[in-house]
Amino acid sequence: MELSEAGPGVEERAAAVADAACELVDAVTPTTWSASALEDAADAIDMLAEALAAIDPEAARALAAVPAATAALRRRLAPATVEDVAEVPRTRSGRPRRRGLGPGWKGVRATG
């Protein structure tokens, strides 16, 4: 599949994610992770895999193992956080939703 031109803000956001990932790699060692940091990083991996899987069926097949891998990582390294995540509302994919309001949000409209 050939990709078309990126939508508004996509390239900038992808570059910011890549930069943040590089900064994280530079900052951590195996002993500097916390349960919260692990959960945030695993959530980011899950959300990025979900976004990339939406490109086409081949991409989805290539990334299908990612949610199971991050779940195994959570169970292995932070057992207490897996129970906490179970209480968070889930998206259609079964992963916690961790997105902001995003562009286009117009606020709450009150009538009366």
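The rules behind each value
Residues numbered from 1 in each chain as written. Predicted model: local features only at pLDDT ≥ 70, side-chain atom pairs only at ≥ 80, totals over all residues. Heavy atoms only, no water. Helix = DSSP H or I, 4+ residues; strand = E, 2+ residues; numbered from the N terminus. Contact = heavy atoms within 4.5 Å. Areas by Shrake-Rupley, 256 points an atom, 1.4 Å probe, with all protein chains shown as cover. Salt bridge = Lys/Arg side-chain N within 4 Å of Asp/Glu carboxyl O. Buried < 20%, exposed > 50% of the residue type's maximum accessible area, 1.4 Å probe, protein only. Axes fitted to C-alpha atoms, helices over the stretch in contact; angles between N-to-C directions. Parallel < 35°, antiparallel > 145°, perpendicular 65-115°, else oblique. Nonpolar A, V, L, I, M, F, W, Y, C, P; charged D, E, K, R; others polar. Expected span 1.5 Å × (residues − 1).

*Asks:* With reference to specific residues and values, describe the overall build of the chain.
*Replies:* Helix and strand content of the chain: 5 helices and 0 strands. Reading the secondary structure of the chain in the N-to-C direction produces α-α-α-α-α. A separation of at least 24 residues holds for 60% of the contacts in the chain among residues at least 6 apart in sequence. Counting every atom, the chain has about 8800 Å² of accessible surface; 60% of that belongs to carbon and sulfur.

*Asks:* An account of the pattern of salt bridges is requested, with residue identities and associated values reported.
*Replies:* Between side chains of opposite charge, pairing is possible as soon as their charged atoms come close. In total, this model carries 4 salt bridges according to the counting rule given. Between R74 and E39 there is a salt bridge, with the nearest N and O atoms lying 2.9 Å from each other. Residue R74 is located in helix α4 (residues 66–77), and its partner E39 is located in helix α2 (residues 35–53); the two are separated by 35 residues in the primary sequence. Judged by its relative accessible area of 8%, R74 falls in the buried class. On the accessibility criterion, E39 (8% relative accessible area) is buried. E58 is paired through a salt bridge with R61; the nearest N and O atoms lie 2.9 Å apart. On the criterion of helical spacing, the pair formed by E58 and R61 is a turn pair, its members being 3 residues apart in helix α3 (residues 57–63). Each of E39, D43, D46 and R74 takes part in a single network of salt bridges with overlapping partners.

*Asks:* Can you break down the packing of α2 against α4 residue by residue, with the values?
*Replies:* For the pair α2 and α4, the least separation of the axes is 9 Å and the interaxial angle reads 175°. One element, α2, and the other, α4, form an angle in the roughly antiparallel class. Between α2 and α4, the residues in contact are L38, E39, A42, D43, I45, D46 and A49 and V66, P67, T70, L73, R74 and L77, respectively. Partitioning the contact of α2 with α4 into residue classes produces 8 nonpolar, 1 polar and 4 charged.

*Asks:* I'd like a description of α2, backed by residues and values.
*Replies:* For α2, spanning 19 residues, the distance from its first C-alpha to its last is 27 Å, which sits close to the expected 27 Å at 1.5 Å a residue. Considered for burial, the residues of α2 that qualify are L38, E39, A41, A42, D43, D46, M47 and A49.

*Asks:* Before we move on, can you summarise the environment of A21 with the specific residues and values?
*Replies:* Looking at the element boundaries, A21 is found in helix α1 (residues 10–27). The spacing of A21 and A41 is 20 residues in sequence and 9.0 Å in space, taken between C-alpha atoms.

*Asks:* Got a sec to walk through the environment of A41? Specific residues and values, please.
*Replies:* In this fold, A41 is placed in helix α2. Overall, the relative accessible area of 19% leaves A41 in the buried class. Taking the C-alpha atoms as reference, A41 lies 9.3 Å from L24; in sequence the two are 17 residues apart.

These results come straight from atomic positions and should not be treated as a statement about function.
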